[in-house]
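# Structural overview for review
Chain by chain, the residues run as shown.
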Amino acid sequence: MSAQPIRSPLPGIFYRRPAPDAAPFKEDGAAVAVADVVGLIEVMKSFHQVPAGIAGSSITFLIDNEEPVMAGQVIAEVKP
């Protein structure tokens, strides 16, 4: 089975960390559960969680920390 995408729910800035000095929500290669938060999207000074929405054995991020994203853009892929 091929990797499943995690898409940005909103346009904005994607953050992999909850704070600049904190560890990322998920590291590349980490296992993911459906309810896991994989990042935040900042939209007009409001932060919105990005849930994985799918479970898998390994996540690969396609977007860097603090990079602008569009709604529907693939930000990561999860392998089953």
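Everything quoted here is computed from the prediction, not taken from an experiment. (Residues numbered from 1 in each chain as written. Predicted model: local features only at pLDDT ≥ 70, side-chain atom pairs only at ≥ 80, totals over all residues. Heavy atoms only, no water.)

### What to know about the nonpolar core
In this structure, Ile-6, Phe-14, Val-38, Val-50, Ile-59 and Ile-75 are the most contacted members of the largest nonpolar core, which totals 14 residues. Put simply, the parts of the chain that give this core at least two residues each are β3 (37–43), β5 (58–61) and β7 (74–79). With three residues, β7 is the largest single contributor of residues to this core. In this view, Ile-6 contacts Val-38, Val-50, Pro-51, Ala-52, Ile-54, Ile-59, Gln-73, Val-74, Ile-75, Ala-76 and Val-78; residues no more than four positions away in its chain are not counted. (Core = buried A, V, L, I, M, F, W, Y, C linked by side-chain atoms within 4.5 Å. Buried < 20%, exposed > 50% of the residue type's maximum accessible area, 1.4 Å probe, protein only. Helix = DSSP H or I, 4+ residues; strand = E, 2+ residues; numbered from the N terminus. Contact = heavy atoms within 4.5 Å.)

### Notes on the sheet that holds β3
Spatially, the four strands line up as an open sheet ordered β4-β3-β2-β6, and their pairing is antiparallel. Single-partner strands in this sheet number two, and they are β4 (46–51) and β6 (67–69). Sheet twist, expressed as the mean angle between neighbouring strand axes with direction ignored, is 35 degrees. (Pairing = 2+ DSSP bridges. Axes fitted to C-alpha atoms, helices over the stretch in contact; angles between N-to-C directions.)

### Thoughts on unusual backbone geometry
Of note in the backbone geometry, Lys-45 takes a positive phi value of approximately 70 degrees without being a glycine. Inspection of the secondary structure puts Lys-45 in the loop between β3 and β4. Here Lys-45 falls in the exposed class, since its relative accessible area comes to 71%. One non-glycine residue, Glu-66, lies in positive phi territory at about 65 degrees. Checked against the element boundaries, Glu-66 lands in the loop between β5 and β6.

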